[in-house]
Amino acid sequence: MATDWCSELNNSDLARWGLLDQVARERCIDRLLSNRPLPAPELLLQMRQELEQKLGLLDPERRSQWLQKHGLSEEELDRMAARTWQWLGWCRERWGSGLETIFLRRKAEFDRVSYSMLRLRDAELAAELYQQIKEGEALFSDLASSFSEGPEKHSGGLLGPVPLSQPHPALAKLLQVSKPGQLWPPKRHEGCFVIVRLEKLLPASLDAALQETLLLEEGERALQRQLQQLAAQQK
């Protein structure tokens, strides 16, 4: 039998352990999912087996002891197993019809690019090296390794693939309007003169994995807004 100091928890305890916000979040999800149906039996069985394997509860006797210890029923274990599926379904019902719009608005965050960059403080040297690359007199990678004053020096000027949102916004905009192989003359950028060439653009597609990511992110934002409102009401 658990002793009083082990069984009686309050908000102060949870706050001290940094768990209060997480508990509030999970309670909020529970309220949103309270009336949602479970998945079809075949899918639920698969989810249940995955959870039991994760928790080491494949043995029926061990599972029974674990449920008793935690005060849970078999039905509650089913709901634990299906909770992520239910939450994704709730998010899909709410934002699924507008997912294409959400994707297009944020597409630059998921498009990826590979590009070459050479940066110099000397404007004349930058112009000279640009001409050498443009005329085919020297390889971009060789000049970057020899002259670039940034960390790309160690990779022959090659960067990526990286999300298009990762480079500086001005540089990202330049890459976004470039064609593969397009070389740009030196441009002043953060105290240097940079020569940039787009190597490859890898556009994102709204596949199943990205759909799930976007839906869960929208759901998380909605949760945080609701939690902030609850916190404001309690002040």
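Scroll up to find the structure.
Rules used throughout
- Residues numbered from 1 in each chain as written.
- Predicted model: local features only at pLDDT ≥ 70, side-chain atom pairs only at ≥ 80, totals over all residues.
- Heavy atoms only, no water.
- Core = buried A, V, L, I, M, F, W, Y, C linked by side-chain atoms within 4.5 Å.
- Buried < 20%, exposed > 50% of the residue type's maximum accessible area, 1.4 Å probe, protein only.
- Helix = DSSP H or I, 4+ residues; strand = E, 2+ residues; numbered from the N terminus.
- Contact = heavy atoms within 4.5 Å.
- Salt bridge = Lys/Arg side-chain N within 4 Å of Asp/Glu carboxyl O.
- Pairing = 2+ DSSP bridges.
- Axes fitted to C-alpha atoms, helices over the stretch in contact; angles between N-to-C directions.
- 1 Å grid on protein atoms, 1.4 Å probe; cavity = no way out; pocket = protein on both sides within 12 Å on 5 of 7 lines; lining within 4 Å.
- Points joined across faces, edges and corners; volume = space filled by probe spheres on them.
- Nonpolar A, V, L, I, M, F, W, Y, C, P; charged D, E, K, R; others polar.
- Parallel < 35°, antiparallel > 145°, perpendicular 65-115°, else oblique.
- Polar contact = N/O pair within 3.5 Å; in protein donor to acceptor, adjacent residues only side chain to side chain.

### Some thoughts on the nonpolar core
Now for step 1: In this structure, Trp87, Trp90, Cys91, Trp95, Leu214 and Leu215 are the most contacted members of the largest nonpolar core, which totals 18 residues.
Now for step 2: Elements represented by at least two residues in this core include exactly helix H3 (20–33), helix H6 (74–95), helix H7 (99–110) and helix H11 (208–234).
Now for step 3: Tallying contributions element by element places H11 first for this core, with 6 residues.
Now for step 4: Setting aside anything within four residues of it in sequence, one finds Trp90 in contact with Leu32, Leu33, Arg36 and Trp95.

### Section: the pattern of salt bridges
Now for step 1: The final tally for this structure, using the stated rule, is 17 salt bridges.
Now for step 2: A salt bridge links Glu26 to Arg25; its shortest N-O distance comes to 2.8 Å.
Now for step 3: By relative accessible area, which is 23% here, Glu26 ends up partly exposed.
Now for step 4: Among the residues examined, Arg25 registers a relative accessible area of 18% and is labelled buried.
Now for step 5: We note a salt bridge from Arg221 to Glu218, for which the minimum N-O separation is 2.8 Å.

### Some thoughts on the sheet that holds strand S4 (residues 192–202)
Now for step 1: The strand order S2-S1-S4-S3 describes an open sheet built from 4 strands, whose pairing is antiparallel. Among the strands making up the open sheet, the edge pair consists of strand S2 (158–163) and strand S3 (183–189). Going across the sheet, the axis of each strand differs from the next one's by a mean of 35°, ignoring polarity.
Now for step 2: Pairing geometry for S3 and S4, over 5 bridges, is antiparallel.

### Comments concerning the layout of surface pockets
Now for step 1: Roughly 390 Å³ of internal volume is contained in the largest pocket.
Now for step 2: Lining the largest pocket, in full, are Glu26, Asp30, Leu33, Ser34, Glu76, Arg79, Met80, Arg83 and Gln86.
Now for step 3: The set of elements that each furnish at least two residues to the lining of the largest pocket consists of H3 and H6.
Now for step 4: Class assignment for the residues of the lining of the largest pocket results in 2 nonpolar, 2 polar and 5 charged.
Now for step 5: In this structure, the second largest pocket encloses a volume near 290 Å³.
Now for step 6: In terms of lining, the second largest pocket is formed by 11 residues, of which the most central are Leu20, Ala24, Leu227, Leu230 and Gln234.
Now for step 7: Of all the secondary structure elements, the ones that give two or more residues to the lining of the second largest pocket are H3 and H11.
Now for step 8: It is H3 that contributes the most residues to the lining of the second largest pocket, 6 residues altogether.

### Here's the deal with the packing of H6 against H11
Now for step 1: One can describe the packing of H6 onto H11 by two numbers: an axis separation of 9 Å at closest approach and a directional angle of 90°. By the angle class used here, H6 and H11 are roughly perpendicular. Listed contacts from H11 to Trp87, Leu88, Cys91, Arg92 and Trp95 of H6 are Gln211, Glu212, Leu215, Leu216, Glu218, Gly219, Ala222 and Leu223.
Now for step 2: Partitioned by chemical class, the residues of the contact of H6 with H11 number 8 nonpolar, 2 polar and 3 charged.

### Details of empty space enclosed by the protein
Now for step 1: Taken as a whole and assessed by the stated rule, the structure comprises 1 cavity of 30 Å³ or more.
Now for step 2: Size it by volume and the largest cavity reaches roughly 30 Å³.
Now for step 3: If you trace the largest cavity, you find it lined by Leu32, Trp87, Trp90, Arg94, Gly219, Ala222, Leu223 and Gln226.
Now for step 4: Those elements giving two or more residues to the lining of the largest cavity turn out to be H6 and H11.

### Digging into the environment of Asp122
Now for step 1: Along the chain, the position of Asp122 falls in the loop between strand S1 (112–120) and helix H8 (123–134).
Now for step 2: Between the C-alpha atoms of Asp122 and Pro186, which are 64 residues apart in sequence, the distance is 10 Å.
Now for step 3: Here Glu124 takes part through its backbone nitrogen, which lies 2.9 Å from a polar atom of the side chain of Asp122.
Now for step 4: A distance of 3.1 Å separates a polar side-chain atom of Asp122 from the backbone nitrogen of Leu125.

### Concerning the side chain of Ser178
Now for step 1: Here Ser178 shows up in the loop between helix H10 (169–176) and S3.
Now for step 2: One polar contact links the side chain of Ser178 to the main-chain carbonyl oxygen of Leu174, over a distance of 2.6 Å.
Now for step 3: For Ser178, the side chain forms a polar contact with the side chain of Trp184, separated by 2.7 Å.
Now for step 4: Apart from the residues within four sequence positions on either side, Ser178 is in contact with Trp184 and Leu198.

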